[in-house]
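Fold and geometry: a report
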Amino acid sequence: MSVTSALDGDINVTNTDTAIEVSGLHMSYGPLEVLRGVDFTVAPGEVIALLGPNGAGKTTTIEILEGFRMPSAGHVRVLGTEPAKGDERWRAGLGVVLQSWRDHGRWPVHKLLEHLGRYYAPYSTPGRPRPLDTGELIEAVGLTEQAGRRVSRLSGGQRRRLDVAIGIVGRPEVLFLDEPTAGFDPQARRDFHDLVHRLSDLDDTTILLTTHDLDEAEKLADRILILAGGKIVADGSADRLSREVSRDAQVRWSRGGEQFVHATEDATAFVRDLFAQYGEQIGDLEVRRATLEDTYMAILKKEEG
Amino acid sequence: MNPTLHAARLGLSRGWTEFKHSLTNAQDIGFTIVSTTAFVVVLYFQRDAKVPGTDLSLAAATLPGILGLGMAFNGLVGAVGALAVEREDGTLLRAKALPQGMVGYLVGRIVSLSLTAVGGLLIVIVAGLILVPELAGAGAGGWLTVAWVALLGLLATLPWGAVIGSLATSPQTAAGLSMLTMGGISAVSGIFYPITALLPWLQVIGQAFPLYWLGLGMRSALLPDAAAAAELGGSWRPLETLGVLLAWSVAGLVLAPPILRRMARRESGSLMQVRRERALQRIG
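In this text, all values refer to a predicted model and were calculated from it rather than measured experimentally.

**Focus: the overall build of chain B**
Broken down by element type, chain B carries 11 helices and zero strands. Secondary structure of chain B in N-to-C order comes out as α-α-α-α-α-α-α-α-α-α-α. Over its C-alpha trace chain B gives a radius of gyration of 20 Å, about what one expects of a compact globule, namely 19 Å for 284 residues. Across its three principal axes, chain B shows a C-alpha extent of roughly 65 × 45 × 35 Å.

This is the structure we're talking about:
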């Protein structure tokens, strides 16, 4: 290894304990600076939700990690490799679900999934047999009834589930999901959440997903990253983020036909006192911590200054 | 298992599947039927007319040109269209997301486009055998020539179609560019009328492109030797035919991979999104 590359900071000091490493990531489209120093790491098996307003650079970030786009500057490693230089073996370890596809409209669902899965066969190992069984995968994403149907005849939600199936057919170590549940009905959404849980529990898949659904982020993600103004402005579990923004919980109750609301840092102690004082007169008790949505809005507002 | 070879094999089955899909697609098959019917109608009306000064039927003189044109058309316009459309609908990006996916994609496309071209060739030949009695006299050597000229014709045009398809910014531009190219070249390539009827400088331009040689090669295969007298230089010029077609093939095969790679490297989901939005604006 040459001295110059060491000076460039180009030496791979990759920690094997991280699946994704991003530091000082910058991205400009001409004069427009989309990312201005993004930093975060993701451990193997972690599920991360990347949130942020439209145009914050979520998709750009994901495309750089997928190796589809060259960053302007910064250190990026996915599975220990710089995405722009990733080879086919590296590629085989990734699963990619983009925001919109409308390809392969003439292919029957099962045939397409089987065909695309076969590309992963040379990368099969005893510990991680590839690809996944087509039939089981189709069942897992709830497309059994549509298995013989042409892709162009699927509904929007079904199409999206097929995209997810294609993204995981190679049993990826790292899976990128860009707004995976846009256009899902509630049932499909719940099934999808189960699927993500299974992937991360059974297969130890590292998952990075973007979404506008805060409820979804809270349900799925171990950790939430909020991207705003080209930087990560918040990084932590939904619970931790809420506490950082506001420790207060809202307590609502009724007594003697009247409604009361009180904000407090220690809801448990407050409620204990309440019962000690009024006992059975208390009704309709409700304790509500700041939701992720409250937190998210508060963080964005703070960022906008 | 060698991953690249494995992907190439997947490409073969992919090409076959895509070809079968195009057979059941009304739009694709409709285009083939309309264009083939047009050619057959031309042959039908020419069957009793003679090439002036010979006893060769006009149909026999036109048919080889149609075969040559078909190969070039399917090679160039087919490749341009497929690439332009599949860049926009995400097929290419999907291939990019797979390990060795681009190998599979390219092999698949070459197979399906070649099958389409050969299918078109066979249909016209069958129609020709019925309408043009002279064709039966071609002999084994003649059909062998048809085969190598057809193959070289594909090789000389497909990579160039890939180049145009990679450079075009939208399917509409791509279609316009390739049709214009084909129209311009076929006008000076002596496909439907002898190149000798053109002005000398147009003859030079015509001979610079593969289409003239495709037509000439097909005529040399299917027409009696005496018909060579009507050609430039009074000869079939087989060596020149081989040389020009090979030169175009080599140039295309050298040029296409880096241009394809450059285009594929730039493909991304957001780029696709931008193109799609532009397309929707055109419609709306």
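**Observations concerning the environment of B:L255**
Residue and element names in this part refer to chain B. Tracing the sequence through the fold places L255 in helix 10 (residues 238–266). Overall, the presence of 14 C-beta atoms within 10 Å leaves L255 in the partly exposed class. Residues within four places of L255 in sequence aside, it is in contact with P159 and V163.

**Focus: the confidence of the model for chain A**
All names here are of chain A. Looking at chain A, the pLDDT average stands at 88 and 94% of residues meet or exceed 70. Ranking the elements of chain A by mean pLDDT puts helix 1 (residues 3–7) last with 39 and helix 4 (residues 109–118) first with 97. The low-confidence segment residues 1–15, where pLDDT is below 50, has nine contacts with residues more than four positions distant or belonging to other chains.

**Let's talk about helix 4 of chain A**
Along helix 4 of chain A, seven of the 10 residues are buried, which leaves the element largely enclosed by surrounding structure. Buried within helix 4 of chain A are the following residues: A:V109, A:L112, A:L113, A:H115, A:L116, A:G117 and A:R118. Buried residues along helix 4 of chain A sit against helix 5 (134–140) and helix 6 (156–168) of chain A together with helix 1 (3–23) of chain B.

**Details of helix 9 (residues 238–245) of chain A**
Residues and elements named next belong to chain A. Turning to helix 9, its buried residues number three or more, namely A238, L241 and S242. Within helix 9, the buried residues cover an arc of 100 degrees as seen down the axis, which keeps them to one side. Contact partners of the buried residues in helix 9: helix 8 (214–220), strand 8 (223–228), strand 9 (231–236), strand 12 (282–289) and helix 11 (292–304).

What counts, and at which threshold
Throughout this description, residue numbers start from 1 for each chain and increase along the sequence as written. Numbering of ligands from 1 and lettering of chains from A proceed in the order in which they are written. Since the coordinates come from a predicted model, pLDDT governs what is reported: local features require at least 70, and pairs of side-chain atoms require 80 or more to be given and counted, while whole-chain, interface and lining totals use all residues. The helix count covers DSSP runs of H or I at least four residues long, the strand count covers runs of E at least two residues long, and both are numbered beginning at the N terminus. Values of the radius of gyration come from C-alpha atoms, whereas the globule rule sets the reference at 2.2 Å times the count of residues to the power 0.38. Comment: burial labels come from other C-beta atoms within 10 Å of the residue's own C-beta, placed from the backbone, where a count of 20 or more is buried, 12 or fewer is exposed, and between is partly exposed. It is the C-beta atoms, placed from the backbone, that decide contacts: two residues are in contact if theirs lie within 7 Å. The quantity known as pLDDT measures the predictor's confidence residue by residue, on a range of 0 to 100. Think of it as the arc spanned by the lines of direction from the helix axis to the C-beta atoms.

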